[in-house]
Amino acid sequence: MMEVTMKTLSQMSGYSVSTVSKALRDKKDISVKTRQIIKELAESYDFVPNNSAIALRSQKSNTIAVIVPQIDSMIYGSMLNTIQMEAYKQGYRVVVQQYLNFENGELECLKSLRNGGIDGVIVIGTSTALEELQQNTKDQFFPTIIKRVEDLTLKAQDYKHFGKKMITSLFSKININDNMRVNVV
């Protein structure tokens, strides 16, 4: 099957690219009939919008990153599970990076995300270096939540609570659209 773009849908439907774009986004200034025609055509060709183009236009990628020491831990797994579920409910995708407890691993992960088109970051770990990381993230261009896990003996439900608290805090920072949004929870 051929790759279908917004321009291709425009040519096939006879509508302008602008009309096709608005119809796919359910804009009310496009008639219900036109929206239905365009959506059916897009669906028949398995059209997938270009997320990079959408992010460029809206200045928002609907992607957050979570940085953890390791994924295979019950602690981080419980938090990640909750973060991912809450992010999904809000229409966000989650990218996960592990720093595997390498020295300065958290900071290296943050640096690698600078040009990655993300809206915010959650950093989780047990390292005492997280306080230093907080100082180094003051100049980040995205909201950053840092959670130092001090008690490793809690139940999975407690870690899920931490995950929910962190993602809620991150979303509040993303929504205020302020560049200096670093917080330790």
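Look a little higher up for the structure.
Residues numbered from 1 in each chain as written. Predicted model: local features only at pLDDT ≥ 70, side-chain atom pairs only at ≥ 80, totals over all residues. Heavy atoms only, no water.

### Describing the nonpolar core
Proteins that are soluble and globular tend to have nonpolar side chains buried together. For clarity, the cut-off: We define the nonpolar core as a collection of buried residues of types Ala, Val, Leu, Ile, Met, Phe, Trp, Tyr and Cys that are connected through side-chain atoms lying within 4.5 Å of one another. Throughout this description, buried means an accessible area under 20% of the type-specific maximum (1.4 Å probe, protein chains only), exposed means over 50%, and partly exposed covers the range between. Each helix is a run of H or I in the DSSP string that is no shorter than four residues. Each strand is a run of E no shorter than two, and both are numbered from the N terminus. Contacts are assigned to residue pairs with any non-hydrogen atoms lying within 4.5 Å of each other.
Grouped together as the largest cluster of nonpolar side chains are 21 residues, with contacts concentrated most on Ile64, Val66, Ile83, Ile122, Ile124 and Ile167. Counting only elements with at least two residues in this core, the list comes to strand 1 (63-68), helix 5 (74-89), strand 3 (120-125) and helix 8 (156-176). Among residues more than four places away in sequence, those in contact with Ile122 are Ala65, Val66, Ile67, Ile83, Ile145, Met166, Ile167 and Leu170. Listed in part, the 11 residues of the second largest apolar core include Cys109, Leu110, Leu113 and Phe142.

### A few points about the pattern of salt bridges
Note the threshold: Salt bridges are identified by distance alone: a Lys or Arg side-chain nitrogen within 4 Å of an Asp or Glu carboxyl oxygen.
Here the structure, examined in full by the defined rule, presents 6 salt bridges. Between Lys39 and Asp26 there is a salt bridge; the shortest N-O distance is 2.4 Å. Pair noted here: Lys39 is in helix 3 (residues 32-44) and Asp26 is in the loop between helix 2 (17-24) and helix 3, with a separation of 13 residues, a long-range link. Looking at Asp26, the relative accessible area reads 37%, which means it is partly exposed. Within this structure, Asp26, Arg35 and Lys39 form a network of salt bridges that share partners.

### A short note on the side chain of Arg35
By the secondary structure assignment, Arg35 is in helix 3. When its relative accessible area of 11% is taken as the criterion, Arg35 is described as buried. With residues near it in sequence (within four places) discarded, Arg35 still touches Ala23, Asp26, Lys27, Lys28 and Ile30.

### Considerations on the environment of Met79
When you line up the elements, Met79 lands in helix 5. On the basis of relative accessible area, Met79 is assigned to the buried category, the value being 0%. Ignoring sequence-local partners within four residues, the contact set of Met79 consists of Ile124, Val149, Tyr159, Phe162, Gly163 and Met166.

Spatial relationships are all this shows, so hold off on functional conclusions.
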